[in-house]
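Observations on chain architecture
Below are the chains, spelled out letter by letter.
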Amino acid sequence: IDGNLIRHISFGQSSDWGDISHRDIPREMLKIMEYEKQLALVEYLNSLRPEVSRISETVLNGDIDSALKTVYSSLDVKIRTLIQSKPNESTVPMIGKAFKDGLLSAPHPEHNDAVRNFLQGVLGYYRSNILHNALPTHRNNISGSLSLFGLAHEAFWLLDFCTKKT
């Protein structure tokens, strides 16, 4: 609670009541609304895959750029491990090769091309931009970055399904 509110309550003068209703309460309500947003964000992030949700605290501390870099680096490592790529190989073409060789396969074979293209796009475009560039202003905020966290969640989920052997 703001020190001014406590002071205004303790003095209890008529002018203090005006300050409380016109300044202190609106300021405290803004804090409450911000807290509610943070709670909703934590609930959303915690509903995502563990590889994504583990960065909740980093996001709450305001370091969205670092959180996205962590998530997309983890995604790259997971894909590289699954497709057994060498350190100097580019991930995107290796994803295509992994699908061609049957190392990765879509849960429904008729979707193989779509799944391959999605994973190549996520890694080739989003991962590359996030890891090698500063986060653009329109993305360096909670609402602008939620879709990127969701996209990583979907890629991790899809990878797990593409590696399951029936």
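Predicted, not measured: the structure shown is a model, and the values here were computed from it.

What counts and what doesn't
Residues numbered from 1 in each chain as written. Predicted model: local features only at pLDDT ≥ 70, side-chain atom pairs only at ≥ 80, totals over all residues. Heavy atoms only, no water. Helix = DSSP H or I, 4+ residues; strand = E, 2+ residues; numbered from the N terminus. Expected span 1.5 Å × (residues − 1). Buried < 20%, exposed > 50% of the residue type's maximum accessible area, 1.4 Å probe, protein only. Contact = heavy atoms within 4.5 Å. Bend = angle between axes of the 7 residues up to and from the residue. pLDDT = per-residue confidence, 0-100. Axes fitted to C-alpha atoms, helices over the stretch in contact; angles between N-to-C directions. Parallel < 35°, antiparallel > 145°, perpendicular 65-115°, else oblique. Left-handed = near helix turned anticlockwise from the far one by under 90°. Nonpolar A, V, L, I, M, F, W, Y, C, P; charged D, E, K, R; others polar. Polar contact = N/O pair within 3.5 Å; in protein donor to acceptor, adjacent residues only side chain to side chain. Core = buried A, V, L, I, M, F, W, Y, C linked by side-chain atoms within 4.5 Å.

1. Focus: helix H5 (residues 64–83)
Because an α-helix completes one turn every 3.6 residues, residues spaced three or four positions apart along the sequence face the same direction. Counted at 1.5 Å a residue, the expected span for H5 with its 20 residues is 28 Å, and the 29 Å between its end C-alpha atoms agrees. The set of residues buried in H5 consists of Ile-64, Ala-67, Leu-68, Val-71, Tyr-72, Ser-74, Leu-75, Asp-76, Ile-79 and Ile-83. Elements in contact with the buried residues of H5: helix H3 (50–53), helix H4 (56–60), helix H6 (91–100), helix H7 (112–132) and helix H8 (142–163). Positive phi appears at Gln-84, one or two residues downstream of H5, with a value of about 55 degrees.

2. Remarks on H7
Helix length check: H7, at 21 residues, gives a terminal C-alpha distance of 29 Å against a target of 30 Å (1.5 Å per residue), a fit within 8%. At Tyr-126, H7 shows its maximal bend, which comes to roughly 25 degrees. Every buried residue belonging to H7 is among Val-115, Leu-119, Gln-120, Val-122, Leu-123, Arg-127 and Ile-130, and all of these are buried. Residues of H7 that are buried make contact with H5, H6 and H8.

3. Some remarks on the confidence of the model for the protein
For the protein, per-residue confidence averages 84 on the pLDDT scale, and 90% of positions sit at 70 or higher. Summarising per-element confidence for the protein, the mean pLDDT is lowest in helix H1 (residues 3–11) (65) and highest in H3 (92).

4. Some remarks on the packing of H6 against H7
Relative to each other, H6 and H7 sit at 165 degrees, their axes nearing to 9 Å. With respect to each other, H6 and H7 are oriented roughly antiparallel. With respect to the hand of their crossing, H6 and H7 are arranged in right-handed fashion. Contacts between H6 and H7 pair Thr-91, Val-92, Pro-93, Ile-95, Gly-96 and Phe-99 from the former with Asn-112, Val-115, Arg-116, Leu-119, Gln-120, Leu-123, Gly-124 and Arg-127 from the latter. Among the residues forming the contact of H6 with H7, the class breakdown is seven nonpolar, five polar and two charged.

5. Some words on the side chain of Thr-91
Inspection of the secondary structure puts Thr-91 in helix H6. Here the side chain of Thr-91 touches Asp-76 through a polar contact of 3.0 Å, side chain to side chain. Excluding its chain neighbours within four sequence positions, the residues that come into contact with Thr-91 are Asp-76, Ile-79, Arg-80, Ile-83, Leu-123 and Arg-127.

6. Considering the nonpolar core
Formed by 35 residues in total, the largest nonpolar core has its most connected members in Val-59, Leu-68, Val-71, Tyr-72, Leu-75, Leu-119 and Phe-149. When contributions to this core are tallied by element, the ones reaching two or more residues are helix H2 (14–46), H5, H6, H7 and H8. Here this core gets nine residues from one element, more than from any other, and that element is H8. Once residues within four sequence positions are removed from consideration, Leu-75 is found in contact with Val-122, Leu-123, Ala-155, Phe-156 and Leu-159.

7. A few points about the environment of Ile-64
Within the fold, Ile-64 resides in helix H5. Spatially, the C-alpha atom of Ile-64 lies 16 Å from that of Asn-46, the residues being 18 residues apart in sequence. Leave out the neighbours within four places in its chain, and Ile-64 touches Val-59, Leu-135, Arg-139, Asn-140, Asn-141, Ile-142 and Ser-145.

8. Concerning the environment of Thr-70
Tracing the backbone through its elements, the reader meets Thr-70 in helix H5. Owing to a relative accessible area of 29%, Thr-70 belongs among the partly exposed residues under this scheme. Along the primary structure Thr-70 and Thr-58 are separated by twelve residues, whereas in three dimensions their C-alpha atoms are 9.8 Å apart.

9. Remarks on the side chain of Ser-85
Inspection of the secondary structure assignment puts Ser-85 in the loop between H5 and H6. Ignoring anything within four residues of it in the chain, the contact list for Ser-85 reads Arg-80 and Met-94.

10. Some words on unusual backbone geometry
If a residue is not glycine, its phi is most likely negative; likewise, a peptide bond is most likely trans. Residues other than glycine seldom take positive phi values, yet Gln-84 does so here, at roughly 55 degrees. Mapped onto the fold, Gln-84 is located in the loop between H5 and H6. We classify Gln-84 as exposed; its relative accessible area is 61%.

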